Amino acid sequence: MAQPVKRAFMYRFYPTDEQAAELSRTFGCVRYVYNWALQLRSEAYTLRGEKIGYPATDKALTALKSSEEAAFLREVSSVPLQQALRHLQGAFQAFFDKRARYPRFKSKKKARPSATYTRSAFRWRGGELFLAKMSGPLDIALSRPLPKGAEPSTVTVSRDGAGRWFVSLLVEDMVKPLRRTRTAVGVDAGVSSLVTLSSGEKIANPKQEQRERARLVKAQRELARKQKGSNNRAKACAKVARIHVRIADRRRDFLHKLTTRLVQENQLVVIEDLTVRNMLKNGSLARAISDASWTRLRSMLEYKSAWYGRELVVIDRWHPSSKACSACGRICESLPLHVREWTCKGCGTRHDRDHNAAKNILAAGLAVAACGAGVRPQRKFIPDEAVGAEAGSAAARAAALPAFRGGKKVNRRAPLRRGT
């Protein structure tokens, strides 16, 4: 059955000089209001122990706009300024819920300029978008049509580092779940191979940043030689930004295609809960991990699974997916990162590190789906001395069945009884 979802459609548009100037002023005012409200709330709590929420900042913004010092705020639409306060409130709520860090001030040079308009500040008529304080519509390149009969509820205008203008239209769309399948897949994220599936397939890492590294290094060296504040430095900075934008676009396109394929082909997708922030502290692997973009891969799988009626299971980050033998369950004492293939001392099975990890991830995900979160698929214990010439045989593989019966965990060292 189709379900309504909020979906954003992003398009590129080409503003006139007048529209670009108006939007640039709006971006600056939005950034100013956001930083002003953040400082107001921080000082109130630090100096007076007073907690200020959105209503108080909204009232203070009205007084600020009436002052002579901030008269420029009256030249732009008031709706994006109100939305900046709402965004700040959302940032504080994420901080209180321990989902994000304390809100930080927006930088003119680093933060992506954007402004959000609600229904009262724009008109959508016949495929044309009219924003407040603008006489003409935006020249939008509609690369794909909006859902039939959909009306935007929120419009967000932004500009990237390469100077491209984008408009994001938030509409309500009806998404139909995909037909159910009986397939499940475990996904092991990596660097050499972006993902390795439990089926044995390895999807190569396109390494978008590495492909453009030579061009990027050259552009950054040219930028370093330019004098700060000069026009040539601005041109060199735009050239570096265009390279970064091209890398980001290619990476996002590849991840969209990969996640869509995984969701379409499998009813259950199992991944690991990776702490990417801590892994980036590894100086030798930080660039490769950033290029792989595991966090975006997970976020895409999350919302696409929710849309299309699939189940996404995230297993515990401490699960020994690489060290555990997928055939007998024995866990290696040590398995350095450079070891890509290894042989189990218990059953003698030769493993590819990534494929073995993907199979263990799938087994853990199936246990979680069947028995509840936090369940790790246990194996019947096979001592080293009991594994001889029969290692890898059908009997040894049968002895490695998951030790779960009726939703209860069986003692690993106890023999399986008949009827259990």
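Given the structure is predicted, the values throughout are model-derived calculations rather than measurements. (Residues numbered from 1 in each chain as written. Predicted model: local features only at pLDDT ≥ 70, side-chain atom pairs only at ≥ 80, totals over all residues. Heavy atoms only, no water.)

## As for the nonpolar core
1) Next: Grouped together as the largest cluster of nonpolar side chains are 43 residues, with contacts concentrated most on Leu-23, Tyr-117, Leu-129, Leu-131, Val-155, Val-157 and Val-167.
2) Next: Examining the composition of this core, we find that ten residues originate from one element, helix H1 (residues 17-48), more than from any other.
3) Next: Beyond its immediate sequence surroundings of up to four residues, Val-167 is in contact with Phe-9, Met-10, Tyr-11, Phe-13, Leu-129, Ile-140, Val-155, Thr-156 and Val-157.
4) Next: Leu-194, Leu-258, Ile-271 and Leu-301 belong to the second largest nonpolar core, which has 19 residues in total. (Core = buried A, V, L, I, M, F, W, Y, C linked by side-chain atoms within 4.5 Å. Buried < 20%, exposed > 50% of the residue type's maximum accessible area, 1.4 Å probe, protein only. Helix = DSSP H or I, 4+ residues; strand = E, 2+ residues; numbered from the N terminus. Contact = heavy atoms within 4.5 Å.)

## Some thoughts on the pattern of salt bridges
When the charged atoms of two side chains with opposite charge come close together, those side chains can pair.
1) Next: Scanning the model with the defined rule gives 23 salt bridges in all.
2) Next: Between Lys-239 and Glu-222 there is a salt bridge; the shortest N-O distance is 3.6 Å. Of this pair, Lys-239 sits in helix H6 (residues 231-265) while Glu-222 sits in helix H5 (residues 213-225), and the two are 17 residues apart along the sequence.
3) Next: Classification of Glu-222 by relative accessible area gives partly exposed; the value is 26%. (Salt bridge = Lys/Arg side-chain N within 4 Å of Asp/Glu carboxyl O.)

## What to know about the sheet that holds strand S11 (residues 268-272)
1) Next: The five strands are arranged S10-S9-S8-S11-S12 in an open sheet whose pairing can be described as mixed. Edge positions in the sheet fall to strand S10 (202-204) and strand S12 (311-315), since each of these pairs with one other strand and no more. Direction aside, the axes of adjacent strands within the sheet are offset by 20° on average.
2) Next: The pairing of strand S8 (residues 184-189) with S11 spans three bridges and is classified as parallel. In the sheet register, Gly-186 faces S11, and the bridge partner there is Val-270.
3) Next: Strands S8, strand S9 (193-197), S11 and S12 of the sheet are contacted by helix H9 (residues 294-307), whose axis makes an angle of about 140° with S12.
4) Next: Running at roughly 130° to S8, helix H10 (residues 353-371) makes contact with S8, S9, S10, S11 and S12 of the sheet. (Pairing = 2+ DSSP bridges. Axes fitted to C-alpha atoms, helices over the stretch in contact; angles between N-to-C directions.)

## Observations regarding the side chain of Asp-273
1) Next: Secondary-structure assignment places Asp-273 in the loop between S11 and helix H7 (276-279).
2) Next: Of the polar contacts made by the side chain of Asp-273, one reaches the side chain of Arg-298; its length is 2.8 Å.
3) Next: Within the structure, the side chain of Asp-273 is placed 3.1 Å from the side chain of Arg-317, a separation counted as a polar contact.
4) Next: Leave out the neighbours within four places in its chain, and Asp-273 touches Arg-298, Val-314, Ile-315 and Arg-317. (Polar contact = N/O pair within 3.5 Å; in protein donor to acceptor, adjacent residues only side chain to side chain.)

Function-wise, these values are silent; they only describe arrangement.
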